[in-house]
Amino acid sequence: MRRHHSYVSLLKCIVCGREYPAVDRLACDICGPVEGICDVLYDYEGVRRKMTKKALLSRPQDHWRYRELLPLHPDFPKNWDRSGCVNLRVGWTPICVTRRLGDYLGCGSLHIKDEGCNPTASFKDRASSVGVLKALEFGRSVIACASTGNAASSLAGFAAASGLPSRIFVPFHAPEPKLTQLLIYGAQVIRIRGSYEQAYDLCMQACARYGWYNRNCAVNCYLIEGKKTCGLEIGEQMADHPPDWVAVSVGDGCTIAGIWKGLKEMHLLGFLPRLPRLLGVQAEGAPAVARQFEKKEDDAFIPAPAATLADSICVSVPRNWRKAVRAVRESGGQFITVSDKAIIEALKYVPRLTGVFGEPAAVAAIAGIAAAREKGILGSNDMILAVVTGNGLKDVKTSSTAAGAPHDIEPTIEALEAVIMNRKTL
Ligand SMILES: *Cc1c(COP(=O)(O)O)cnc(C)c1O
């Protein structure tokens, strides 16, 4: 039978459980746009018939291979060819075994999933690609978000690929390299004389008033569906040897919640024989979600001040703490926090031992593994997967403090020899 709609069955509020038809909606009417975030549910029986192991074998190696588990029309991607954004290769990022890093941290088996390989060099491309297609599907003529970081640069890239204008709200202190990445993709960058929180609020207001499509991941549950494709991939790529733990750095909480949803779906559909535990990693200076995890399920949420050099997880009011805390609880996992010093350390040893250069927020996941090994949360025989969420070239300023300096010499063999002979400097 030909389907005329996606496999999405309904949207369900994660607070009150009220159900809604899967249309152009952001949050639960009763619980409001801050608390009343929705979950996207599917007709899993329908998906099971179509998305078989055999069917997956013949599909392209990108995240669109899981199209039945995305909130998109089933004729996709044929109908969306006019959107150049399907040509950017998102997902199916490599999983590397990292024996030397594993030995260094005393882990029996350590793998890295390198999300820096995505088109704009971060995990966020998984969400932006879906966001742009939803905006086109709903006939919106502009897509917008508030962010100074990877969500913004990712959206700018995918909007550029599809020809959809993007408006991006940034706070006044937005760092130069990130502004450049936005502007070079042709995004209209609206710089607010104020904080990130004020930029976020103005963006929400503008979307409501002018009908722009809202890419802010926490409020728009379709975006998490893009993020979950990382979990779907882990489920397929590691089906034969599933990890015991998956370590993910946490800011707003959408990434870890999305990965958990993907893992659960692959388990439900019979691809993944058992579910891993999640290790949520936050910076000591921005620990709001980790603190909430220590409290009881119904305790009120308390934001925490945020200050860390890992800018992508520097969040004081995490917009998706509830989904993140639930995911880690459900998995039987743990949260851990790491100092900026430990993150800088990881910036030094991770690239040297693996060849994978992650940005500070990305290597924070590995600093978390080091800390969790020390505390005995992770055993020496556990098989661990770290999701490295963004490429290190995103933030060279912080990395350069960990990198050391070159040997400056005159262009002579004598000068070179002086450096080589001095073992201390080489
Ligand atoms: C956004 C981001 C995260 C955290 O994702 P949340 O959904 O905010 O928890 C981690 N690492 C990088 C590189 C990011 O860009």
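Let us look at the structure shown here. (Residues numbered from 1 in each chain as written. Predicted model: local features only at pLDDT ≥ 70, side-chain atom pairs only at ≥ 80, totals over all residues. Heavy atoms only, no water.)

So, the sheet that holds strand E5 (residues 109-114)
Whenever strands of a sheet pair, they do so through backbone hydrogen bonds, lying parallel or antiparallel.
Next, step 1: What the six strands build is an open sheet, ordered E4-E5-E13-E10-E11-E12; its pairing is mixed. Because the sheet does not close on itself, it has two edges, and the strands there are strand E4 (95-97) and strand E12 (334-338). Taking the axes of each pair of neighbouring strands and ignoring which way they run, one obtains an average angle of 25 degrees across the sheet.
Next, step 2: In this fold helix H10 (residues 229-237) packs onto E4, E5, strand E10 (245-249) and strand E13 (383-388), with an angle of close to 135 degrees to the strand it touches most, E5. (Pairing = 2+ DSSP bridges. Helix = DSSP H or I, 4+ residues; strand = E, 2+ residues; numbered from the N terminus. Axes fitted to C-alpha atoms, helices over the stretch in contact; angles between N-to-C directions. Contact = heavy atoms within 4.5 Å.)

Quick look at the pattern of salt bridges
Next, step 1: This structure, assessed with the given rule, holds 16 salt bridges.
Next, step 2: Across the salt bridge formed by Glu236 and Arg65, the nearest N and O atoms sit 2.7 Å from each other. Residue Glu236 is found in helix H10, and its partner Arg65 is found in the loop between helix H3 (53-57) and E4; the two are separated by 171 residues along the sequence.
Next, step 3: What makes Arg65 buried here is its relative accessible area of 3%.
Next, step 4: Where Lys261 meets Glu265, a salt bridge forms, and the shortest distance between an N and an O atom there is 3.4 Å. Here Lys261 and its partner Glu265 are both found in helix H11 (residues 254-268), four residues apart, which amounts to about one turn of the helix. Take Lys261 and Glu265: they sit in the same class, and that class is buried. (Salt bridge = Lys/Arg side-chain N within 4 Å of Asp/Glu carboxyl O. Buried < 20%, exposed > 50% of the residue type's maximum accessible area, 1.4 Å probe, protein only.)

Thoughts on the site of the ligand
Next, step 1: Among the 16 residues in the neighbourhood of the ligand, the closest are listed as Lys124, Asp252, Gly253, Thr255 and Thr389.
Next, step 2: In the environment of the ligand, an oxygen atom lies 2.8 Å from a nitrogen or oxygen atom belonging to the side chain of Asn150.
Next, step 3: At 3.3 Å, a side-chain N or O of Lys227 approaches an oxygen atom of the ligand.
Next, step 4: Its free accessible area being 380 Å², the ligand has 96% of it covered by the protein chains.
Next, step 5: When grouped by side-chain class, the residues that make up the shell around the ligand number four nonpolar, eight polar and four charged. (Near = heavy atom within 4 Å. Polar contact = N/O pair within 3.5 Å; in protein donor to acceptor, adjacent residues only side chain to side chain. Areas by Shrake-Rupley, 256 points an atom, 1.4 Å probe, with all protein chains shown as cover. Nonpolar A, V, L, I, M, F, W, Y, C, P; charged D, E, K, R; others polar.)

Looking at the packing of aromatic side chains
Next, step 1: If you walk through the whole model with that rule in mind, you get eight aromatic pairs.
Next, step 2: Seen from their ring centres, Phe169 and Trp212 are 6.4 Å apart, and the 40 degrees between their planes marks the pair as tilted. A residue pair is termed long-range when its members are at least 10 positions apart, and Phe169 in strand E7 (residues 166-171) and Trp212 in the loop between helix H8 (196-210) and strand E9 (213-214) qualify at 43 residues. Considered together, Phe169 and Trp212 belong to a single accessibility category, that of buried residues.
Next, step 3: Aromatic side chains Phe293 and Phe335 sit 5.2 Å apart centroid to centroid with 55 degrees between the ring planes, which places their arrangement in the tilted category. Taken together, the positions of Phe293 in helix H12 (residues 288-294) and Phe335 in strand E12 put the pair 42 residues apart, joining distant regions of the chain. Residue Phe293 shares its accessibility class with Phe335, and that shared class is buried.
Next, step 4: Members of the aromatic cluster, connected to one another through ring pairs, are Phe138, Tyr213 and Tyr222.
Next, step 5: The cationic tip of Arg65 hangs over the ring face of Tyr66; the distance from NZ or CZ to the ring centre is 5.8 Å.
Next, step 6: One Lys or Arg, Arg191, reaches over the ring of Phe172 and ends 4.9 Å from the middle of that ring. (Phe/Tyr/Trp six-rings, centres within 6.5 Å; stacked < 30°, edge-to-face > 60°. Lys NZ or Arg CZ within 6 Å of the ring centre and 35° of its normal.)

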